[in-house]
Amino acid sequence: MNKLKLATVWLGSCSGCHMSFLDLDEWLFELAARVDLVYSPFADVKEYPEGVDLVLVEGAVANEDNLELIKSVRDRSKILVSFGDCAVTGNVTAMRNLVGDTESVLQRCYQEAADIQNQIPHEPEIVPTLLDQVQPVHTVVTVDLYLPGCPPDAQRIREALESLLAVGIPKLTGEQIRFG
Ligand code: SF4
């Protein structure tokens, strides 16, 4: 039997949602027996693969790299889960929207708030270009499921994954469900 292809993605965020995922501890062995982890910060895979069944997307869309990645993720995944409050609402990542556009944010962080060597980085190959506004994932691509929380606790992540594994991925395509 083919295993479900699972991916996890880290956009603009603190990685706390992935840390909560790791809090599943020994249940991760059970999960590993039922899925193939094909892309994740936990796995050394450079390019998002085709044919992903289920992806958990942590974080908001904050820069050009995030934008490019989330479009590939959407194109190549059956079920996209908005994973945690930064993905669902922008949350902490979107707090910079209050400062203004990209130029205002860079000015504030690298010039006004710096104690020494005040200068704005200008090397896009090193520092991804910021978007003017941080956006929650569903404003950029279609989201199938929402798993809110900052972070969602491990038990809720487990319950959501168990529900999805029990129902089967193809039957859920096109529906929108909120866990919690
Ligand atoms: Fe971190 Fe909370 Fe955002 Fe998750 S939702 S990435 S824990 S700030």
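Above this text sits the structure in question.
Residues numbered from 1 in each chain as written. Predicted model: local features only at pLDDT ≥ 70, side-chain atom pairs only at ≥ 80, totals over all residues. Heavy atoms only, no water.

A. Quick peek at the overall build of the protein chain. Secondary structure assignment for the protein chain yields 7 helices and 8 strands. Expected size for 180 residues packed as a compact globule is a radius of gyration near 16 Å; at 17 Å, the protein chain falls within 12% of this value. Seen through its principal axes, the protein chain has C-alpha atoms that stretch 55 × 30 × 30 Å. Taking all 180 residues of the protein chain together, the buried fraction comes to 43%. Considering only intrachain contacts with a sequence separation of at least 6, the fraction spanning at least 24 residues in the protein chain is 81%. With the model as given, the accessible surface of the protein chain reaches about 9,900 Å², and the carbon-plus-sulfur share is 52%. (Helix = DSSP H or I, 4+ residues; strand = E, 2+ residues; numbered from the N terminus. Rg over C-alpha atoms; globule rule 2.2 N^0.38 Å. Buried < 20%, exposed > 50% of the residue type's maximum accessible area, 1.4 Å probe, protein only. Contact = heavy atoms within 4.5 Å. Areas by Shrake-Rupley, 256 points an atom, 1.4 Å probe, with all protein chains shown as cover.)

B. Representation of the site of the ligand within the structure. As a structural note, the neighbourhood of the ligand is formed by S13, C14, G16, C17, E58, D85, C86, N91, V92, G149, C150 and P151. Among the secondary structure elements, those contributing two or more residues to the shell around the ligand are α1 (16–22) and α4 (85–89). Class assignment for the residues of the shell around the ligand results in 6 nonpolar, 4 polar and 2 charged. (Near = heavy atom within 4 Å. Nonpolar A, V, L, I, M, F, W, Y, C, P; charged D, E, K, R; others polar.)

C. Geometry of the state of the cysteines. What the rule picks out here adds up to 0 disulfides. This cysteine, C109, is not joined by any disulfide, and C86 carries the nearest cysteine sulfur, 16 Å off. What makes C109 partly exposed here is its relative accessible area of 46%. (Disulfide = S-S within 2.5 Å.)

D. Region of the structure containing the pattern of salt bridges. Throughout the structure, instances matching the rule amount to 7 salt bridges. With its nearest N and O atoms 3.0 Å apart, the salt bridge here joins D144 to R74. Here D144 is found in the loop between β6 (130–135) and β7 (145–147), whereas its partner R74 is found in helix α3 (residues 64–76), with 70 residues between them in sequence. Each member of the pair D144 and R74 is classed as buried. (Salt bridge = Lys/Arg side-chain N within 4 Å of Asp/Glu carboxyl O.)

E. Up close: a negative patch on the surface. Negative charge collects at one region of the surface, where D23, D25, E26 and E30 lie side by side. Topologically, E26 is positioned in the loop between α1 and α2 (27–34). Note on E26: relative accessible area 60%, which makes it exposed. (Patch = residues over 30% accessible without salt bridge, like charges linked within 9 Å, V, L, I, M, F, W, Y side chains within 5 Å. Lys, Arg positive; Asp, Glu negative; His and termini not counted. Charge placed at Lys NZ, Arg CZ, Asp CG, Glu CD.)

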